[in-house]
Amino acid sequence: MYRINELGLTLEIDDDLLCSLIDIGTEHYPNEFGGFLIGNYSDKQTHLRITDTILPNKFKGTPYLFERDTIGIDDRLKQFYDEEPKKYYLGEWHTHPNNLPIPSSTDVNAINSIANHPEVSIKNPLMLIIGYNKTKVELGFYVQFKNKIYKYE
């Protein structure tokens, strides 16, 4: 369980899903890789549960950059939305190989772009950065809230 006490927000993700994201990311080493985060909110929208990921069909990864396309993603999102309980697009995840899970200026611009995109129904997108090297993995969960980035602890 992760928290942002200042905002009264909590986040949970199953260990199996988290391990899967780490494994998928490290398969692309030394390049960055990532995908979409799927899940749902509590009724009061203060608790977030990440349940799934969607991997991009088309992407470009280098050791310091990850760009993904949304081709074919709409159908997958609709399948999750049609489930009961409904699942929604929550944000994005990506890796930082040989680096810390701290948002770069590119990451901050990307999360702000998602929050302000007219076709995206989420106003407080989530970002997970998985930083790792050969001996250690570190996680950084962030949310964009009122034009500021907050870190879950």
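Above this text is the structure in question.
The rules behind the values
- Residues numbered from 1 in each chain as written.
- Predicted model: local features only at pLDDT ≥ 70, side-chain atom pairs only at ≥ 80, totals over all residues.
- Heavy atoms only, no water.
- Helix = DSSP H or I, 4+ residues; strand = E, 2+ residues; numbered from the N terminus.
- Buried < 20%, exposed > 50% of the residue type's maximum accessible area, 1.4 Å probe, protein only.
- Polar contact = N/O pair within 3.5 Å; in protein donor to acceptor, adjacent residues only side chain to side chain.
- Contact = heavy atoms within 4.5 Å.
- Salt bridge = Lys/Arg side-chain N within 4 Å of Asp/Glu carboxyl O.
- Phe/Tyr/Trp six-rings, centres within 6.5 Å; stacked < 30°, edge-to-face > 60°.
- Lys NZ or Arg CZ within 6 Å of the ring centre and 35° of its normal.

Enquirer: Any details on the side chain of His96? Residues and values, ideally.
Expert: With respect to the helices, strands and loops of the structure, His96 is situated in strand β7 (residues 88-97). The class for His96 is buried, based on a relative accessible area of 7%. Of note is the side chain of His96, whose polar atom sits 2.9 Å from the backbone oxygen of Leu100. Residues contacting His96, with those up to four places away along its chain left out, are Glu32, Pro101, Ile102, Asp107, Ile129, Ile130, Gly131 and Tyr132.

Enquirer: Quick one: what's the story with the pattern of salt bridges, residue by residue and with numbers?
Expert: Summed over the entire model, instances satisfying the criterion amount to 7 salt bridges. Where Glu92 meets Arg68, a salt bridge forms, and the shortest distance between an N and an O atom there is 2.8 Å. Residue Glu92 is found in strand β7, and its partner Arg68 is found in strand β6 (residues 65-68); the two are separated by 24 residues along the sequence. By relative accessible area, Glu92 is classed as buried at 12%. Between Lys78 and Asp82 there is a salt bridge, with its nearest N and O atoms 2.9 Å apart. Lys78 gets classed as partly exposed once you look at its relative accessible area, which sits at 48%. A single network of salt bridges, built from pairs that share partners, joins Glu12, Asp14 and Arg49.

Enquirer: If you had to explain the packing of aromatic side chains to someone new, which residues and values would you point to?
Expert: Taken as a whole and assessed by the stated rule, the structure comprises 9 aromatic pairs. Ring geometry for Tyr29 versus Tyr132: centroids 6.1 Å apart, planes at 50°, classification tilted. Taken together, the residues span a long stretch of sequence, with Tyr29 in the loop between α1 (15-27) and β3 (34-41) and Tyr132 in strand β8 (residues 126-132) at a distance of 103 residues. Owing to a relative accessible area of 37%, Tyr29 belongs among the partly exposed residues under this scheme. The buried category is assigned to Tyr132, whose relative accessible area is 4%. Ring pairing ties together the aromatic residues Phe33, Phe59, Phe66 and Trp93, which thus form one cluster. Between Lys86 and the ring centre of Tyr81, over which it is positioned, the NZ or CZ distance is 4.4 Å.

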